[in-house]
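Next come the chains, spelled out residue by residue.
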Amino acid sequence: MNTHLLFMKGFNMIEKFKPECRLVGQDGNIFVLLGIATRTLKEHNMRQEADELSQKVLTQAQSYDEALALIMEYVDVC
């Protein structure tokens, strides 16, 4: 099931597509999970989002949980 997020921007709703990504049961190393998530985004022609995600995880995440939360903003984890 493909997930869409709705964002408020001013008074307009913006819908953001999140492709399904199989992370459950994978190696829990955050770099492995990031690789799977970015590959999934690229497979859905979302290269810019994949680049944004990588940049955010590598520069902004201060913990494993923060990195995982960022990944979950871009893909629907299943």
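Our subject is the structure that appears above.
Residues numbered from 1 in each chain as written. Predicted model: local features only at pLDDT ≥ 70, side-chain atom pairs only at ≥ 80, totals over all residues. Heavy atoms only, no water.

Chemist: Outline the overall build of the chain, supporting the account with residue identities and numerical values.
Modeler: On a plain count of helices and strands, the chain comes out with three helices and four strands. Mapped from its N terminus to its C terminus, the chain presents α and β elements in the order β-β-β-α-α-α-β. Relative to its full complement of 78 residues, the chain shows a buried share of 29%. With an accessible surface of roughly 5400 Å², the chain has 52% of that area assigned to carbon and sulfur atoms. (Helix = DSSP H or I, 4+ residues; strand = E, 2+ residues; numbered from the N terminus. Buried < 20%, exposed > 50% of the residue type's maximum accessible area, 1.4 Å probe, protein only. Areas by Shrake-Rupley, 256 points an atom, 1.4 Å probe, with all protein chains shown as cover.)

Chemist: Can you explain the nonpolar core? Please cite residues and give values.
Modeler: Core analysis: the biggest nonpolar cluster contains 18 residues, and Leu41, Leu53, Val57 and Ile71 have the highest contact counts within it. Listing elements by their share of this core, those giving two or more residues are helix H1 (30–43), helix H2 (47–59) and helix H3 (64–74). The element best represented in this core is H1, accounting for six residues. If we skip the residues at most four places from it in the chain, Leu41 touches Pro19, Met46, Arg47, Glu49, Ala50, Leu53, Tyr74 and Val75. (Core = buried A, V, L, I, M, F, W, Y, C linked by side-chain atoms within 4.5 Å. Contact = heavy atoms within 4.5 Å.)

Chemist: Kindly report on the packing of H1 against H3, identifying the contributing residues and their values.
Modeler: Contact geometry of H1 with H3 gives a least axis separation of 10 Å together with a crossing angle of 10 degrees. If you check the angle between H1 and H3, you find them roughly parallel. Side by side, H1 and H3 meet where Ile30, Leu33, Leu34, Ala37 and Leu41 of the first sit next to Tyr64, Ala67, Leu68, Ile71 and Tyr74 of the second. Classifying every residue of the contact of H1 with H3 by side-chain character gives ten nonpolar, no polar and no charged. (Axes fitted to C-alpha atoms, helices over the stretch in contact; angles between N-to-C directions. Parallel < 35°, antiparallel > 145°, perpendicular 65-115°, else oblique. Nonpolar A, V, L, I, M, F, W, Y, C, P; charged D, E, K, R; others polar.)

Chemist: Tell me about the packing of H2 against H3, and name the residues and values.
Modeler: Packing of H2 against H3 brings their axes to within 9 Å, and their N-to-C directions diverge by 165 degrees. Taken together, the axes of H2 and H3 are roughly antiparallel relative to one another. Relative to H3, the crossing made by H2 is right-handed. Contact with H2, carried on its side by Glu49, Glu52, Leu53, Lys56 and Val57, involves Ala67, Leu70, Ile71 and Tyr74 of H3 and no other residues of that element. In the contact of H2 with H3, the residues fall into six nonpolar, no polar and three charged. (Left-handed = near helix turned anticlockwise from the far one by under 90°.)

Any functional reading would require information beyond the geometric quantities listed.
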